[in-house]
Amino acid sequence: MLSVIVPTYNRPDALQLVLQGYQLARGVSFELIVADDGSTEETAKLVAAMAKRVDFPLHHVWHEDRGFRAAAIRNLAVRRATGDVLVFADGDCIPHPDFLAAHARVCRRGWASSGYRFFLSPAESDRLLRSRECSPRWLEAAARRARWPQRLLWMKNRWYTGTGLKIRPKFLTANVAVHRLDFEEVNGFDERFQGWGYEDEDLARRLRRSGIRLHDVCLHSLVYHLFH
């Protein structure tokens, strides 16, 4: 089973759309842990309400608000998780229905996987947030718009890999998966990282140095990033 880790901080409007997206996931069994980096009670209430409406196990972990501590709250969520494969995505990234299945096909011991994040426009993001509705029709229409950027990233990744000029694909926690044993072997996220950024790059370096290889699933695993 997959365990999906979704960090959030005082964005219940975005999180509601994201959880609606996971309700439409197909082809895989999973649980989802909302990793709450110190939000107010509104987020906990939303998760409790959504847990009664979705078909997958939905859990909520929280720690005190002491600034941006994404590394620490993700580690806390992993300790709550029960799956063999950990999928990391963000609380403002709506998943395509096949997002999880693509990771499930290739992620295993010794192999992590990295997908694609498609950035939505400010206007489209605002419409979605105001409507509070993520429909299958919208997801498929957005997927058609994402096909060329996905293809372009796939070609860039292959070129960089072939030339050795850059390490590709990137391991960014908006859309990646790693086997739990590999994650634990490198001691997870370094909780000394506080404030935005770099905790995922640090984890990626330690995984590579431990011998973990990375599958590129950017053509098949897609999330839609709400503008902010």
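So, here is what we can say about the structure in this document. Residue numbers restart at each chain and count upward from 1, following the sequence in its written direction. Since the coordinates come from a predicted model, pLDDT governs what is reported: local features require at least 70, and pairs of side-chain atoms require 80 or more to be given and counted, while whole-chain, interface and lining totals use all residues. Only hydrogens and water are set aside; all other atoms, that is, all heavy atoms of the structure, feed into the side-chain values.

### Regarding the side chain of Gln 16
Working step 1: What counts as a helix is a DSSP run of H or I of at least four residues, what counts as a strand is a run of E of at least two, and both are numbered from the N terminus. Positionally, Gln 16 belongs in helix α1 (residues 12–23).
Working step 2: Sequence-distant contacts of Gln 16, defined by excluding residues within four places in its chain, comprise Leu 46, Met 50 and Arg 132. A contact between two residues is defined here by any heavy atoms of the two lying within 4.5 Å.

### As for the layout of surface pockets
Working step 1: Looking at the largest pocket, its volume works out to about 840 Å³.
Working step 2: In this analysis, the protein atoms alone were mapped onto a 1 Å grid. Cavities are point sets where a 1.4 Å probe fits without being able to get out; pockets are open sets with protein on both sides within 12 Å along at least five of seven lines; lining residues have an atom within 4 Å of a point. Lining of the largest pocket is provided by 27 residues; of these, Phe 68, Arg 74, Asp 90, Asp 92 and Trp 196 occupy positions nearest its centre.
Working step 3: Ten residue types, Ala, Val, Leu, Ile, Met, Phe, Trp, Tyr, Cys and Pro, are classed as nonpolar, four, Asp, Glu, Lys and Arg, as charged, and the remainder, Gly among them, as polar. Class assignment for the residues of the lining of the largest pocket results in 10 nonpolar, 7 polar and 10 charged.
Working step 4: Looking at the second largest pocket, its volume works out to about 400 Å³.
Working step 5: Every residue lining the second largest pocket is counted, 19 residues in all, and those nearest its centre are Gly 115, Tyr 116, Leu 153, Lys 170 and Leu 172.
Working step 6: The set of elements that each furnish at least two residues to the lining of the second largest pocket consists of β7 (116–119), α6 (136–163) and β8 (175–179).
Working step 7: In terms of residue count, the dominant contributor to the lining of the second largest pocket is α6 (6 residues). Grid points are joined across faces, edges and corners, and a volume is the space filled by probe spheres set on the points.

### Quick look at the nonpolar core
Working step 1: Side-chain atoms within 4.5 Å link the members of a nonpolar core, which is a set of buried Ala, Val, Leu, Ile, Met, Phe, Trp, Tyr and Cys residues. Throughout, exposure labels follow a simple rule: accessible area from a 1.4 Å probe, protein chains only, divided by the maximum for the residue type, with under 20% read as buried, over 50% as exposed, and the rest as partly exposed. Counting 44 residues, the largest nonpolar core has Tyr 22, Leu 32, Leu 58, Ile 94, Trp 138 and Tyr 224 as its most contacted members.
Working step 2: When residues in this core are grouped by element, the largest group, 6 residues, is from α1.
Working step 3: If you look at the next biggest cluster of nonpolar residues, it comprises 22 residues, including Ala 35, Ile 73, Val 78 and Leu 203.

### Some remarks on helix α3 (residues 70–80)
Since the α-helix advances by 3.6 residues per turn, residues separated by three or four positions end up pointing in the same direction.
Working step 1: For α3, the buried fraction is high: 8 of the 11 residues fall into the buried class.
Working step 2: Of all the residues in α3, the buried ones are Ala 70, Ala 71, Ala 72, Ile 73, Arg 74, Asn 75, Ala 77 and Val 78.
Working step 3: On its buried face, α3 sits against β1 (2–8), β2 (30–36), β3 (58–62), β4 (85–89), α7 (180–185) and α8 (199–209).

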